[in-house]
Amino acid sequence: MTLTFIATHDLPMRQSRGLALLLISLLAACASYSAVSNTPPMIQNTVAMESALAKLTANATIEHAPLNGIRVLDSGRDALHERAALIEAAERSIDAQYYIWNGDNSGRYLASRIYAAAERGVYVRLLLDDINVGDRDSILAALASHPNIEIRIYNPFTARGMGKIFNFLGDFARLNRRMHNKSFTVDGVVTILGGRNIGDKYFDAHP
């Protein structure tokens, strides 16, 4: 069983419940990442060595069988706190993919906690769309140099900086294909899905 946290942004409750059921069925389809290099992705066995989250999930499976576990995160505050708590609880792996990861307070905070998790032995795989990477190539490269962190950039622009604009105009057919996936999975058993990217305005923390 996968204990899935559905993070909705601004949908009515009825639509949120329907979306939650749909996302559960699509969860498996979000598990594979597109790579932009020839370096094979890190593969970690999160089943053979169960984490505390895996054990909690297994217990919940027995108690509530044959149901799946869903919690609707309908506030930005809860959405931020749940991600932060899951990072601290991670023992084996963190797999995240986002269209936007801003460099504001919440974005930097979550990135720092993920780095701390990697320092204690958690394997981190992060897939980001290049549309929002901006001038942070060097920062991402520094993070990716950590032996426990793998960062992939989806459908990258060949030019950087202001050259991205001209690159977009000259290669519109390819570069108009962006990755809007948003998921955050810890130890292979708990996942947050939904409409929120990473940043203050998505967590009700923006002025």
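In what follows, the accompanying structure is described.

Analysis parameters
- Residues numbered from 1 in each chain as written.
- Predicted model: local features only at pLDDT ≥ 70, side-chain atom pairs only at ≥ 80, totals over all residues.
- Heavy atoms only, no water.
- Helix = DSSP H or I, 4+ residues; strand = E, 2+ residues; numbered from the N terminus.
- Expected span 1.5 Å × (residues − 1).
- Buried < 20%, exposed > 50% of the residue type's maximum accessible area, 1.4 Å probe, protein only.
- Arc of directions from axis to C-beta.
- Contact = heavy atoms within 4.5 Å.
- Pairing = 2+ DSSP bridges.
- Polar contact = N/O pair within 3.5 Å; in protein donor to acceptor, adjacent residues only side chain to side chain.
- Patch = residues over 30% accessible without salt bridge, like charges linked within 9 Å, V, L, I, M, F, W, Y side chains within 5 Å.
- Areas by Shrake-Rupley, 256 points an atom, 1.4 Å probe, with all protein chains shown as cover.
- Salt bridge = Lys/Arg side-chain N within 4 Å of Asp/Glu carboxyl O.

A short note on helix α4 (residues 105-119)
With 15 residues, α4 should cover 21 Å at 1.5 Å per step; its first-to-last C-alpha distance of 21 Å lies within 8% of that length. Burial in α4 covers these residues: Ser106, Gly107, Leu110, Ile114, Ala117 and Ala118. Taken around the axis of α4, the buried residues stretch over an arc of 115 degrees, which confines them to a single face. Among the exposed residues of α4, those oriented more than 90 degrees off its buried face are Asn105 and Glu119. At its buried positions, α4 is contacted by α3 (76-89), β3 (93-98), β4 (123-129), β5 (149-154) and β6 (183-186).

Here's the deal with the pairing of strand β7 (residues 190-194)
Within a regular strand, the side chains alternate between the two sheet faces. In terms of residue burial, β7 counts as a mostly covered element, since four of its five residues are buried. Judged from the four bridges that link them, β6 and β7 form a sheet pairing that is antiparallel. Bridged to Phe184 within β7 is Ile192. Linking β6 back to β7 in an antiparallel pair, the connection comprises three residues, with Asp187 at a positive phi of about 55 degrees.

What to know about the side chain of His146
Of note, His146 is situated in the loop between α5 (137-144) and β5. Given a relative accessible area of 10%, His146 falls into the buried group. In this structure the side chain of His146 is engaged in a polar contact, spanning 3.0 Å, whose partner is the backbone nitrogen of Asn148. Beyond its immediate chain neighbours, meaning those up to four positions away, His146 contacts Tyr115, Ala118 and Glu119.

Considering a nonpolar patch on the surface
A surface patch of nonpolar side chains, about 510 Å² in accessible area, is lined by Met162, Ile165, Phe166 and Leu169. By the secondary structure assignment, Leu169 is in helix α6 (residues 163-170). Since its relative accessible area comes to 64%, Leu169 is described here as exposed.

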